Amino acid sequence: MFFLAFLNPGKTFIGLLSALEGSQAIPLFIKFITSFSIASLILLSILFFSTLLFGRIYCSFLCPLGILQDLIIFVKNKISPNKFKYFKKFKIRYAILLISAVSAIGGFMIIISILDPYSLFGRIVSDFIRHIYILANNLTATILESFDVFIIRYQRSNPFSLISILTASTFLTIIIAASALKGRFWCYTICPVGTTLSLINKISLFQIKINSKCISCKKCEQSCKSTCIDIDNKKLDFEDCVACYNCIDVCPAEAIGYEYILKNPSNNKKGFSISRRNFIPVIKGVFISAIMVSSYPLRNVTKVIRQKDKNKFILPPGSKSTENLLSRCVSCHLCVSACPTNIIKPSKGMFQPVLDYNRSFCEYNCNSCSQVCPTDAINNITLSEKQKTSIGEVVFTEELCIVSKDSVDCGACAEHCPTGAVVTERRKNLNFPVTDISKCIGCGACEFVCPAEPIAIIVKPKDPHSKISDTIEKSIEKTADDDGFAF
Amino acid sequence: MENLTRKEFLKKCLSVTIIATVPSFLRDKDLFAQYTYGKYLTAVKNGSPSALFKKGMSNFPPIERLSIKNKKILIKPNIGWDKSPESGANTHPDIVKEAVLFFIEKGASKVYVMDHTCNQWEKSYKNSGIEYAAKNAGAIMAPAHRESYYQASRISGASKLKSTKIHELVFESDIFVNIPVLKTHHSANMTSAMKNLMGVIWDRFYLHRHDLNQSIADLSRLVKPDINIVDAYRMMHKNGPRGYSKSDTIIKKQLFISNDIVAIDSASAKTLGINPESLRYLKAADGISGNINLNKISIKRFSI
């Protein structure tokens, strides 16, 4: 389901796509710290409390990278059965979490975008797998078309970027190798989401435990993707458990399952355990929260870095400004795949979306990118808002124009302009383009279609985006009187 | 009758023969014919798009001479823009629907509908309402967004557009039906039948680069529709070819059908209040692809 939605986000039912990406941990977190919206707070709370109750069900049911790893592990199991062994996890994941959390809250997004499982998955699909998918799609389309069957449509793929493809395929190779050999290696060693949830689920109310019926057959340990079951000591490190339930499925003695931990008599004292072991995670949580809150003011410092590329690129409508885009984008590249004219490309460096008017232009009747962005880096704006959002400004150089140079009519620019920012005026019996920047939304149609070399009309970026006035007449269509034929 | 001498009889025979043969000898020369042979313009007014089409086609004589059974038909409406039918930027979907039905009823083996759009092709095909109308009527909506569908062609006699790539359906189909919508245009001043032909070529920007008006005239030397049907039901009388608001269009309720592309554009221009002689592409094609002078064509006018 994730694969299909990510391969063709522009065509996926928006309700499904919103549900899938709106439930992702890091995007929700980013949305919350940049907007403090009630919706993101509610969803984050649901995530928090569900983990507090049942453990890391996010990791097995919602995380796309988790589902991908499970697929790889499943396939590997068919080839040669998994025999996982318990081992103590590396502590480096806490350092990774600290660094990525501080930098994310502090407004420097590159670390979290690389490590966030959702974004990583998004890039693997958008920058690499999608090209293969489109190739297969187009091959099928070509074959069917020779029989006059046009159900499958030949499509253009995302902008081809060697760096993006290499990065995405490298990460994919690492994930495949790590999963096949070590199960959910990413989840218990690197993933900042996993590490955060592991701090929460250490005190979750329902935990998977091994009971007295255990016959030490070790089937559960061998099937545990998180390598968190230690049968020799009859213990299960629930903090690492990703709630895949393989262990419960394979146990022949019904010796493993969810238990309500407060029922455990050794811990019971008025329903609360006040032993030191159970307080440590709480203290850790408070400590981490303190660090997170104090990193927030860093955003003003990192603003300088985000502003460095101000006015350099044209950004998708809804992104408001370079500042807004860079402070929220996790580079999942869902927008890159969703754009119907494929003009969004990941910029060099931070991999964030910019528009390329060499490929095509921003279609007037489209707001796909703003609809799919999970962090509101590209704000979800309505179509009519988008049609009034000015992301750039037209610049016309008459000396370079065909009409001026060759004394013939052209007008490709005026023909394509959706708002009337470029029209023509009659001079010397020719139709010369003229511009009105108060109507320009910077869509790039004029730039893309201009046949002059060098190009005579371009769009320069506008930062921050502004709104054009509602100059389109609210008018009615008249019916002609029946005055007969004009000839 | 008095007796003729042999000389007088022979003279009379000769003159009768000459008089009898002269008209057939000079039949398709403009100088002598009142109307160009076989060229007609049918104009209909005051009806719904479907009614206009039906009335027009049933009163367009060249249709009777057209062999449609088991033939492949190409219908080329204006689907250039991602705009709704109410905007008047594209051909009215009802007219496309009726055209498809017409040819299917007459026994066509396949009816294709296509246009190389200016906006993103899937959005234009869909939001214009034409894809739905055409498919429902039984046509095949053919894509036109890949260069591989087009074949290079030389245009002999052209002065600016010496060669270009034309969509393969133009060559593969037996009958080519050109169905533009009547609009003004920022640079060409009007877009009707001749300008609509730009939708069957791959690289339209070459035409914009090399004297748009002359290139349009050159194109009409090679691409010759069998029938042109101008949709003037909802006419864009200003701010064409896209239009910005409802005041740019007017419900005119007219429709023209002709097998002379220059003549139908001449009639279209007059309908918009433009002098046909002032349209450079029309003037350049006059006498080559058709006649700008409407006295040269047999016009039938109808009202519903």
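Note that this is a predicted model, so its numbers are computed, not measured. (Residues numbered from 1 in each chain as written. Chains lettered and ligands numbered in written order. Predicted model: local features only at pLDDT ≥ 70, side-chain atom pairs only at ≥ 80, totals over all residues. Heavy atoms only, no water.)

1. A few points about the interface of chain B and chain A
Contact residues are listed per partner, giving 60 residues for chain B and 52 residues for chain A. Roughly 4,700 Å² of surface becomes buried between chain B and chain A when both sides are summed, with 51% attributable to carbon and sulfur atoms. The three residues of chain B that bury the most area against chain A are His186, Arg209 and Tyr244 of chain B, which together make up 14% of that side's buried surface. Linking chain B with chain A are 10 salt bridges, by the criterion used here. Residues Arg209 of chain B and Asp406 of chain A are paired through a salt bridge, measuring 3.1 Å at the closest nitrogen-oxygen approach. There are 34 residue pairs in polar contact (both at pLDDT 80 or more) connecting chain B and chain A. With six residues, strand β11 (residues 249-258) of chain B is the single largest residue contributor to the side of chain B that touches chain A. For the side of chain B that touches chain A, the per-class residue count stands at 23 nonpolar, 16 polar and 21 charged. The pairing of strand β11 (residues 478-479) of chain A with β11 of chain B spans two bridges and is parallel. By the bridge assignment, Lys478 of chain A is partnered in β11 of chain B with Ile250 of chain B. (Contact = heavy atoms within 4.5 Å. Buried area = accessible area lost by both parts, 1.4 Å probe. Salt bridge = Lys/Arg side-chain N within 4 Å of Asp/Glu carboxyl O. Polar contact = N/O pair within 3.5 Å; in protein donor to acceptor, adjacent residues only side chain to side chain. Helix = DSSP H or I, 4+ residues; strand = E, 2+ residues; numbered from the N terminus. Nonpolar A, V, L, I, M, F, W, Y, C, P; charged D, E, K, R; others polar. Pairing = 2+ DSSP bridges.)

2. Some remarks on the nonpolar core
The nonpolar side chains of a soluble globular protein tend to be buried, and buried together. By size, the foremost hydrophobic cluster in this structure holds 92 residues, and its most contacted members are Ile75, Phe103 and Val113 of chain B. With seven residues, helix α11 (residues 261-272) of chain B is the single largest residue contributor to this core. Residues within four places of Ile75 of chain B in sequence aside, it is in contact with Ala99, Val100, Phe103, Val111, Tyr112, Val113, Met114, Val177 and Ile179 of chain B. Counting 86 residues, the second largest nonpolar core, distinct from the first, contains Ile96, Leu334, Cys410 and Phe432 of chain A. (Core = buried A, V, L, I, M, F, W, Y, C linked by side-chain atoms within 4.5 Å. Buried < 20%, exposed > 50% of the residue type's maximum accessible area, 1.4 Å probe, protein only.)

3. Observations regarding a nonpolar patch on the surface
The grouping of Met1, Phe13, Ile14 and Leu16 of chain A at the surface amounts to a nonpolar patch, some 420 Å² of accessible area in total. Checked against the element boundaries, Ile14 of chain A lands in helix α2 (residues 14-22). (Patch = residues over 30% accessible without salt bridge, like charges linked within 9 Å, V, L, I, M, F, W, Y side chains within 5 Å. Areas by Shrake-Rupley, 256 points an atom, 1.4 Å probe, with all protein chains shown as cover.)

4. Things to note about the confidence of the model for chain A
The predicted structure's coordinates, where accompanied by low pLDDT, should not be read in detail. For chain A, the average pLDDT comes to 89, and 95% of its residues sit at 70 or higher. Within the model, the stretch residues 267-272 of chain A combines pLDDT values under 50 with five contacts to residues more than four positions away or in other chains. (pLDDT = per-residue confidence, 0-100.)

5. Notes on the pairing of strand β10 (residues 227-236) of chain B
Residue and element names in this part refer to chain B. The element β10 is extensively covered by neighbouring structure, given that 10 of its 10 residues are classed as buried. Of the pairings in the sheet, the one linking strand β8 (residues 181-185) to β10 comprises two bridges and is parallel in character. When the bridges of β10 are listed, Lys183 appears paired with Met236. Bridge count for β10 against β11 is eight bridges, and the pairing is antiparallel. Each bridged residue has a counterpart across the sheet, and for Arg234 the counterpart in β11 is Ile251.

6. Points about the packing of helix α4 (residues 93-105) of chain B against helix α6 (residues 130-137) of chain B
How two helices sit against one another is set out by the angle between their axes and by the gap between those axes. Residues and elements named next belong to chain B. Here α4 crosses α6 at 20°, and the two axes come no closer than 8 Å. On the basis of the axis angle, α4 is roughly parallel to α6. Here the hand of the crossing between α4 and α6 comes out right-handed. The residues of α6 that touch α4, namely those facing Pro93, Val96, Lys97, Val100, Leu101 and Ile104, are Ile130, Ala133, Ala134 and Ala137. A per-class count over the contact of α4 with α6 returns nine nonpolar, no polar and one charged. (Axes fitted to C-alpha atoms, helices over the stretch in contact; angles between N-to-C directions. Parallel < 35°, antiparallel > 145°, perpendicular 65-115°, else oblique. Left-handed = near helix turned anticlockwise from the far one by under 90°.)

7. Remarks on empty space enclosed by the protein
Residue and element names in this part refer to chain B. Scanning the entire structure with this criterion turns up 12 cavities of 30 Å³ or more. Taken as a whole, the largest cavity encloses approximately 160 Å³ of empty space. At the level of secondary structure, the elements contributing two or more residues to the lining of the largest cavity comprise β8 and α8 (193-196). By residue class, the composition of the lining of the largest cavity is four nonpolar, seven polar and six charged. (1 Å grid on protein atoms, 1.4 Å probe; cavity = no way out; pocket = protein on both sides within 12 Å on 5 of 7 lines; lining within 4 Å. Points joined across faces, edges and corners; volume = space filled by probe spheres on them.)

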